[in-house]
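What follows is the residue order along each chain.
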Amino acid sequence: MKKINSTFLPISIMHPSRNHFFFIKTVYVALLLLCSFTAWSQNTAILSGKITDSKSSGINKASVYLLNTNLGATANDQGDFSIDNIAPGNYTVQILALNFAAVTKNINLISGKTETLNIQLNNSSRQLDEVVVTAQKKEESLQNVPFSITAITSKQVKEYRLWDSKEITAIVPNLYAADPGDNRNVTSIRGITSTSYDPAVATYIDGVNQFGLDTYISQLFDVERIEILKGPQGTLYGRNAMGGVINIITKQPTNTLNGFAEISMGNFKQQRFSAGIQAPLIKNKLFMGVAAMYDSRDGFYKNEFTNSTFDDQHSITGNYYLKYIANSKWAITLNAKHRNLRNNGAFPLNISDPMNETPLEFVLNQNATTEMVDDIYNGSLSINYFGKSFNFSSQSSYQSNRHIYTNPIDGDFSPYDIVTIINNYDGWNKVQVGTQEFKFTSPASSSSALAWTGGAYLFYQDNPVKQTTRFGADAAFFGAPPNSSSINTTKGKTSGASVYGQATYSITKKLDLTAGLRFDYEKKKYSVLGEFQMDPDPNPFVTRPDTSASANFNALSPKAGMSFRMIETSLIFASYSRGYRTGGLTQLGSDPSQPPLYPYDPEFSNSIEAGIKNNLFANRLDINISGFLTFVTDAQVPTLVLPDAITVTRNAGELKNQGIEVEAAATPMKGLEANYSIGYVNAEYTKLNLSQNGVEKDLKGAKQIFTPDLTSMFALQYSHGIGTKQQLKIVIRGEWMYLGKQYFDLTNTIEQKPYNLLNTHCGIAAKNFELMFWARNMQDTKYISYAYDFGAVHLGNPRTLGVTLTGKF
C-alpha cells in the first residue's frame, strides 16, 4: 500500500479547531481503510456459477458452501450464485439442494480472477449423496477419510425411522446399543463396550463431548447426520473413545427460511409431536433455529401387583440455535438443548431363566412404583475464526443432569417389601460438567502438502450422590435387618486436561501418511460417608466416617496410518490407533468386605485396521470393506453390588477382538435404493480372573458381553412418481435385521440366541408433505436387549405400528 504524504493534508490541520481535527482524523482513517481494503481485495478471488437439474433448469435455493470456511451462497431462481472475497487457494465445494444428491468438487482459486463453477445435480433417486463428515475435526468427504466410518444422513434418519440413538444397531456393522431400563443407552462397537458410567464409546452432539451416560440426550430429531467412527479414537477425541465415537450433528440455521411439523401416532398410545423453524433474522448475519418435540407412550409391560401398565413415559426435548456471522472470518454460535423425561416405571426387569425354558413376557410384579425424573440440559458457545494461515475454534459447554425417583424405587424387582432405593434429596444427585476445547487447523485455502490439526481440551465434573438402601419388612427372610436404612453419601469431583495433534502429509497425489499423538491427564477426588439407621430411631449412626481419597491418571494415545488412492474412486488404508477408558475409584456400599475408594487403572485398547473404500458407476454404488484386530489391556471388569445397586470395578482381564465389516449402498435403477451392512466379530478374553462370592474364578476364553458375533442389516426402498409432473411419489420400504448370539454376563450364562427383526414403512411423499405408515419388529419377536449379571433382563421393544404425517416448507 502506498504511503500517504502528510503534505496532502489540508493546511488547517496546523491550527485546527476541535471539529476540524475530528473531521480530518475521520477522513484520514477512512482513506487508510479504503487503501487497505483495495489492497486486500486485489488478493482475493471470486467463485460464481450456475446450479441446474438434468433438464438444465436452474435450481432455486441450492446451497453452495466452501468446506472449512465461513463462505457460502444460495442460488437464485435461475440457479445462479456468486461468492466473493475468497482467499486464493485450493478448496472443496459442497453443493446441496432438496431432493437432489449432494455433490462435492475440488477447485483452485487464483488471486484477482473469477472461477466459474457450473454444476448439474441428479435426483437423489438416481445417485448417492457425496457425504461430508467432520470425523477428523474438519470437514471432508466421507470416502476420503482413511479409517472406518459410517455416516447416516438426515434422509436416512427419516427412512430408517430413527427416534433414538440405540436404533442405529446393525445399521452400523458390529455396533450394538441397548437401554438397560432407564433410557440410558449402553453401546458396544467391535466388542468394546460400556460397562459403567464411564462409557467406552464417546458420544458428541454438535461437537460437544457428552462426557458420560448421565448427560447426553439420546432422542433423535432435527438431525443433519450421524457419524459413527469405529475403533479407538484416542488421538483426536481422548478419554472414553476406545471403542469409537458417535457424532450427532443437528441442523443449523442458514439464509434459507425453512421449517417442519411432524405428527406420529401408534399403538401403546404412542404420540410424537415435533416442529422446528430455521430463519435468517438479519440476512447473511444473524440466524436462529428452534426445534422442539413432545413424545409419550404407555408402557410395554404390565405390572401384576398394581394390575396396570408399567414404564409409561413422556418427555419434552428442545434444540435452540442463535448464530452470528460477523464477517467472512468470524462466526459465533450459541446452542442450548434439553430433555425433560418423566418415566412411571423405570427399570422394567424380569429375572432370566438360564435354561431358556420360560418364555419371555412383558409382565412383571413389583410392589414399589415411582416416577423417575430425568432433567438434562446442555449449553454451548462456539467461536470460529477462518484465516489465511490457520483456522481456530473455541467451544465452551455446560452440561447438567438431575436424576431422581420421586418415591422409593423397587430394588428387588419383586412383590415383596425387601429393598427399595431412595435418592430424592435436595441438592444431591445432580451431575454438572464444564468443558472447554481450543482447536487449530490448517486453513481451507492451504496448498501445502501438510494438513494438520492441534488443540487442547479441559473439563471439570461435580457429581454429588446421596442414596439410601431401605430394607423393608420382608428383608429378614433374605438375611437383611428389616425396617432399616443404609445411607451412602459420595462427593465426587473430576478434572482433567489434554493436548493433541495430528498431521497428514501427502507424499504424492496418491499416497498420504498420517501421524498423531495425544496426552491426557485426569484427577479424581472422592469423599464418602456411610451411615445406618434403624426404625424407630430417626437418627442414623456413622458406619464409615467421612473418608477422602484421590487418584491421578494419564495416558498417551498415538496414531499412525497411510492411505493410497489407486484410482480417483478407490482408497486403500491401513492404520494403528490407541484409545483408553479412564480409571477411577470404587463407590461406597453396605458390604464391609468391599472397601470404598479403591482405585482401578485406565483400560487401553490397541487396534490395527486395514480396508478399502470404493465409489463406483458415477456415485451409484459405494462398497467399503475393513478388517480389524484389537487388544485390550487392564480390562475393567464391573461387579454389581446388591442391594445397593452400585458397581465395583477392578482391572481383571485382557481381551482380543478381531473381525471384518462390509458396507454397501446402491441406486441400481431410478427410484430404487439398497443398503446392506454386515459385521462379524470374535471378542474373547485371553485373561480374566473374576471374584464371585469371595472365590476367584478363571474365566479365560469367555466371550465379551453386549457383543453379537454377527450383525446384519439389509434395507430396500422403492419410490415411484405419479402424475404428469411426478411430484407425488409412492414409497415402499422393507428392512431385515439379523443379530447373532451374544452374552450378558462374563460367565456366559445369560445368553440371547440369534434373532431377526423386520421393519417396514410405506406411504406417499411430495415436495411439502409425507404420509407414512410404519411397523417395527413386525413378527413381534421377544428377545433380551440388556441384562444384568445377577439375572435381571430388559426386553427389546415389541411390535409397534403407527403413522407419521410430516409437513415442511
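Reading guide: rules and limits
Residues numbered from 1 in each chain as written. Predicted model: local features only at pLDDT ≥ 70, side-chain atom pairs only at ≥ 80, totals over all residues. Heavy atoms only, no water. Helix = DSSP H or I, 4+ residues; strand = E, 2+ residues; numbered from the N terminus. Rg over C-alpha atoms; globule rule 2.2 N^0.38 Å. Buried < 20%, exposed > 50% of the residue type's maximum accessible area, 1.4 Å probe, protein only. Areas by Shrake-Rupley, 256 points an atom, 1.4 Å probe, with all protein chains shown as cover. Phe/Tyr/Trp six-rings, centres within 6.5 Å; stacked < 30°, edge-to-face > 60°. Pairing = 2+ DSSP bridges. Patch = residues over 30% accessible without salt bridge, like charges linked within 9 Å, V, L, I, M, F, W, Y side chains within 5 Å. Salt bridge = Lys/Arg side-chain N within 4 Å of Asp/Glu carboxyl O. Contact = heavy atoms within 4.5 Å. Core = buried A, V, L, I, M, F, W, Y, C linked by side-chain atoms within 4.5 Å. 1 Å grid on protein atoms, 1.4 Å probe; cavity = no way out; pocket = protein on both sides within 12 Å on 5 of 7 lines; lining within 4 Å. Points joined across faces, edges and corners; volume = space filled by probe spheres on them. Nonpolar A, V, L, I, M, F, W, Y, C, P; charged D, E, K, R; others polar.

## Overview of the overall build of the protein chain
Each helix and strand counted, the protein chain has three helices and 52 strands in total. A globule of 809 residues ought to have a C-alpha radius of gyration of about 28 Å, and the protein chain, at 29 Å, matches this closely. For the protein chain, the C-alpha atoms occupy an extent of roughly 100 × 75 × 50 Å along the three principal directions. Looking at the protein chain as a whole, 54% of its 809 residues are labelled buried. Of the accessible surface of the protein chain, which amounts to about 35,000 Å², a share of 58% is contributed by carbon and sulfur atoms.

## Some thoughts on the packing of aromatic side chains
We describe a pair of aromatic rings using the distance from one ring centre to the other and the angle between the two ring planes. As enumerated under the stated definition, the model contains 23 aromatic pairs in all. Where Phe392 meets Phe438, the ring centres are 6.4 Å apart and the plane angle is 15°; that geometry is what we call stacked. Residue Phe392 is located in strand E28 (residues 391–405), and its partner Phe438 is located in strand E31 (residues 430–441); the two are separated by 46 residues in the primary sequence. Among the aromatic residues, those joined into a ring-pair cluster are Trp330, Tyr385, Phe390, Phe392, Phe438 and Phe440.

## Comments concerning the sheet that holds strand E22 (residues 308–310)
Pairing is mixed across the open sheet formed by three strands, whose spatial order is E22-E21-E26. Single-partner strands in this sheet number two, and they are E22 and strand E26 (363–364). Looking at chain direction, strand E21 (residues 301–303) and E22 are connected through three bridges and run antiparallel. Paired with Tyr301 across the strands is Phe310, a residue of E22.

## Topic: unusual backbone geometry
Cis geometry marks the peptide bond from Asp535 to Pro536, where omega comes out at 5°. Here Pro536 lies in the loop between strand E34 (511–534) and strand E35 (541–567). Positive phi values are uncommon outside glycine, yet Asn429 reaches one of about 60°. Note that Asn429 resides in the loop between strand E30 (419–422) and E31. Overall, Asn429 belongs to the buried group, its relative accessible area being 8%. Look at Asp634: it is not a glycine, yet its phi comes out positive at around 55°.

## Some details on a nonpolar patch on the surface
Where nonpolar side chains cluster on the molecular surface, the patch consists of Leu450, Tyr505, Ile507, Leu513, Met562, Phe564, Met566, Ile567 and Ile572 and spans about 770 Å² of accessible area. Among the elements that make up the nonpolar patch, the one with the highest residue count is E35 (four residues). Position of Met566 relative to the elements: it lies in strand E35. On the accessibility criterion, Met566 (38% relative accessible area) is partly exposed.

## Things to note about the side chain of Asn183
Following the sequence through the fold, Asn183 ends up in the loop between strand E11 (175–178) and strand E12 (186–189). The contacts of Asn183, once residues within four sequence positions are left out, are Ser218, Gln313, Arg339, Leu341, Asn343 and Met372.

## Quick notes on the pairing of E12
Residues Val186 and Ser188 point to one face of E12 and Thr187 and Ile189 to the other, with burial holding for every one of them. Examined bridge by bridge, E11 and E12 share four bridges and lie antiparallel to one another. Across the sheet, residue Ala178 finds its bridge partner in E12, namely Val186. Here E12 runs beside strand E13 (residues 192–193); their pairing, made up of two bridges, is antiparallel. Residue pairing in the sheet places Ser188 in a bridge with Thr193 of E13.

## Some details on the nonpolar core
With 76 residues, the main nonpolar core has Ile152, Leu162, Ile168, Ile226, Ile228, Phe347 and Leu746 as its most contacted residues. Looking at which element gives the most residues to this core, the answer is E11, with four residues. Residues Ile83, Ala87, Val93 and Leu117 belong to the second largest nonpolar core, which totals 26 residues.

## Regarding empty space enclosed by the protein
The gaps of empty space that remain are located by a probe, the size of a water molecule, rolled over the atoms. For the structure on display, the rule yields 17 cavities of 30 Å³ or more. Roughly 870 Å³ of volume is contained in the largest cavity. Taken together, 49 residues make up the lining of the largest cavity; nearest its centre are Arg161, Asp164, Lys166, Glu167 and Asn797. When the residues that make up the lining of the largest cavity are grouped by side-chain class, the tally is 20 nonpolar, 17 polar and twelve charged. Of the voids in this model, the second largest cavity is the one considered here, and its volume is about 180 Å³. If you go around the second largest cavity, you meet 17 residues; those closest to its centre are Leu71, Ala87, Tyr91, Lys329 and Phe386. Broken down by class, the residue content of the lining of the second largest cavity amounts to seven nonpolar, eight polar and two charged.

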